[in-house]
Amino acid sequence: MQKFSEYMNDWLYGENGYYTQYKEIGKEGDFYTSVSTSKFFGGSIAKHIISLIDEGFLPNDTTICEIGAHKGYLLADIVQFIYTLRPELLDTLSFMTVERFDFLQETQDEYFEESFGDSVRLSHVKSLSELSLDSAFFIANEIFDAFSCELIYKDKIASLKDGTIIFEEDNAWVSQKAKKYHKDKGEIALGYEEFALEMKTAAKTFEFMTYDYGEMQARPDFSIRIYKEHEVIPLFDENLKLSEVFCTSDITYDVCFEHLKDAYNEAGIEMNSFKTQALALIDMGLLDLLEILKEKGGEEMYLYELERAKQLFLPDFLGERFKMMSFRQKENND
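Cut-offs used in this document
Residues numbered from 1 in each chain as written. Predicted model: local features only at pLDDT ≥ 70, side-chain atom pairs only at ≥ 80, totals over all residues. Heavy atoms only, no water. Helix = DSSP H or I, 4+ residues; strand = E, 2+ residues; numbered from the N terminus. Rg over C-alpha atoms; globule rule 2.2 N^0.38 Å. Buried < 20%, exposed > 50% of the residue type's maximum accessible area, 1.4 Å probe, protein only. Contact = heavy atoms within 4.5 Å. Areas by Shrake-Rupley, 256 points an atom, 1.4 Å probe, with all protein chains shown as cover. Patch = residues over 30% accessible without salt bridge, like charges linked within 9 Å, V, L, I, M, F, W, Y side chains within 5 Å. Salt bridge = Lys/Arg side-chain N within 4 Å of Asp/Glu carboxyl O. Lys, Arg positive; Asp, Glu negative; His and termini not counted. Charge placed at Lys NZ, Arg CZ, Asp CG, Glu CD. Axes fitted to C-alpha atoms, helices over the stretch in contact; angles between N-to-C directions. Parallel < 35°, antiparallel > 145°, perpendicular 65-115°, else oblique. Left-handed = near helix turned anticlockwise from the far one by under 90°. Nonpolar A, V, L, I, M, F, W, Y, C, P; charged D, E, K, R; others polar. Expected span 1.5 Å × (residues − 1). Arc of directions from axis to C-beta. Pairing = 2+ DSSP bridges. Right-handed = clockwise from strand over helix to strand, strands pointing away. Core = buried A, V, L, I, M, F, W, Y, C linked by side-chain atoms within 4.5 Å.

Assigned secondary structure in the chain consists of 12 helices and 16 strands. Taking 2.2 N^0.38 as the reference for a compact globule, 334 residues should give roughly 20 Å; the C-alpha atoms of the chain span a radius of gyration of 20 Å, in line with that estimate. Taking the principal axes of the C-alpha coordinates as reference, the chain spans close to 60 × 50 × 35 Å. Classification of the 334 residues of the chain by burial places 55% in the buried group. Restricting to contacts in the chain with at least 6 residues of sequence separation, those with at least 24 account for 80%. In the structure as shown, the chain presents an accessible area of about 15700 Å², 47% of it carried by carbon and sulfur atoms.

And the structure:
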């Protein structure tokens, strides 16, 4: 038998795993993200980074680091909007990704070269544990739903036996988490605590902003599901054959943000904000950026980008389902 968490890790990150090979995101892929929807997602984050520098929380030579950057679209959008809004910052800021896979590092380098030539330098590390920065802005979009998890049902965790999910094993840590978050069945994420501890020492001063789908409180049922060419298939669908979707489709689940908050709190890092994606992007200036586009680019371009950007904040698309959570750590120089 194999624990479900090990099976999920193989599914996503094993030798032939879903994320170990380049996958398209958007219309031609299995799912959409905010990044594939509108460049103004990254634009809003760029405007926020500039505000952090203006407020004095981050210096103008800080490192902007994306975790799980895929092809590098989000970080490139952030760079482009910084250039539009405050071009002189490109002379002092550094840009980096945390990317475990060499082929994706190469893909990101190629995209940045296509987009910016030699004017923007991109560096990489495979893990947060490699970093020791004075200051950083960390950004991640949809990474915590891709951490492996244990499935729990009535205090037993799931294993795979002959291709079938069964609940037989005991696990004290998972049971403790399930009790804490009032879950009789569902997913218990693994790795949040270690990730927070790694970030704790990665930079003396930082803000970390992450976007994902889920709620503050854990769902009382299973949310784990498969995305295959934009079709959503519950893991426990009676017609599903795991062997037919293993490694060839995405597997994911709703994030329990309370668990994430607690993991960072245990590492000594304070949560700064928790909002719906719609409210977060609007508060950071998404609508202001669209007005600038209207003034500079004209009505036609404005209306086109507005229609795309609406999907970021409309309740029936990404605006309410997705949440933003941010954390801050400030070096004490006293």
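Take a negative patch on the surface next. Among the surface-exposed residues, E106, D109, E110, E113, E114 and D118 lie close enough to one another that they form a single negatively charged patch. Note on E110: relative accessible area 49%, which makes it partly exposed.

Here we take up the packing of helix 6 (residues 172-180) against helix 9 (residues 257-266). The N-to-C vectors of helix 6 and helix 9 enclose an angle of 115 degrees; their axes lie 12 Å apart at closest approach. Classified by the interaxial angle, the pair formed by helix 6 and helix 9 is roughly perpendicular. Taken as a pair, helix 6 and helix 9 cross one another with a handedness that is right-handed. Seen from helix 6, the contacting residues are W173, K177 and K180; seen from helix 9, they are H259, D262 and E266. For the contact of helix 6 with helix 9, the per-class residue count stands at 1 nonpolar, 1 polar and 4 charged.

Two numbers describe how helix 3 (residues 40-55) lies on helix 4 (residues 73-85): the axes approach to 8 Å, and their chain directions differ by 55 degrees. Between helix 3 and helix 4, the angle falls in the class oblique. Crossing of helix 3 over helix 4 shows right-handed handedness. Counted together, F40, F41, G42, G43, I45, A46, K47, I49 and I50 of helix 3 and L74, D77, I78, F81, I82 and L85 of helix 4 form the full contact between these two elements.

Here the focus is helix 4. Helix length check: helix 4, at 13 residues, gives a terminal C-alpha distance of 18 Å against a target of 18 Å (1.5 Å per residue), a fit within 8%. Those residues of helix 4 lying buried are L74, L75, A76, D77, I78, V79, F81 and I82.

On to helix 5 (residues 102-116), then. Taking 1.5 Å of rise per residue, 15 residues should cover 21 Å, and helix 5 covers 21 Å from first to last C-alpha, within 8% of that figure. Taken together, the buried positions of helix 5 are occupied by L104, Q105, T107, Q108, Y111, F112 and F116. For helix 5, the buried positions fall inside an angular range of 160 degrees around the axis, keeping them on one side. Exposed and facing more than 90 degrees away from the buried side of helix 5 are E113 and E114.

Taken together, the 3 strands give an open sheet; going across it, the order is 12-11-13, and neighbouring strands pair in antiparallel fashion. Where the open sheet ends on each side, the last strands, each with one partner, are strand 12 (231-234) and strand 13 (250-252). If you compare each strand with its neighbour and ignore which way they point, the axes differ by 30 degrees on average. The pairing of strand 11 (residues 225-228) with strand 12 spans 4 bridges and is antiparallel. Counted as the bridge partner of Y227 is V232 from strand 12. Along the sheet, helix 1 (residues 4-13) makes contact with strand 11 and strand 13, crossing strand 13 at roughly 140 degrees.

Right, let's get into the pairing of strand 4 (residues 122-125). When strand 3 (residues 94-98) meets strand 4, the two strands line up parallel, connected through 4 bridges. Directly across from T97, in strand 4, lies its bridge partner H124. One crossover worth recording links strand 3 to the parallel strand 4 by way of helix 5, and it is right-handed.

It is worth spelling out the nonpolar core at this point. One finds F4, I67, F138, F195, F208 and L235 to be the most contacted residues of the largest nonpolar core, which totals 58 residues. The residues contacting F208, other than those within four sequence positions of it, are I67, F138, I139, A140, F144, F195, M199, Y264, M325, S326 and F327. Of all hydrophobic cores here, the second largest spans 46 residues; its members include F81, L89, L286 and Y302.

So, on to the environment of T201. Within the element layout of this structure, T201 appears in helix 7 (residues 192-202). Taking the C-alpha atoms as reference, T201 lies 25 Å from W173; in sequence the two are 28 residues apart. Once residues lying within four places of it in the same chain are set aside, the contact partners of T201 are L131 and S132.

In this structure, K154 is a non-glycine residue whose phi angle is positive, near 50 degrees. Phi is positive for D155, which is not a glycine, with a value near 70 degrees. Along the chain, D155 falls in the loop between strand 6 (149-153) and strand 7 (156-161).

Assignment of secondary structure puts A189 in strand 9 (residues 185-189). Setting aside anything within four residues of it in sequence, one finds A189 in contact with S148, C149, W173, Y253 and H259.

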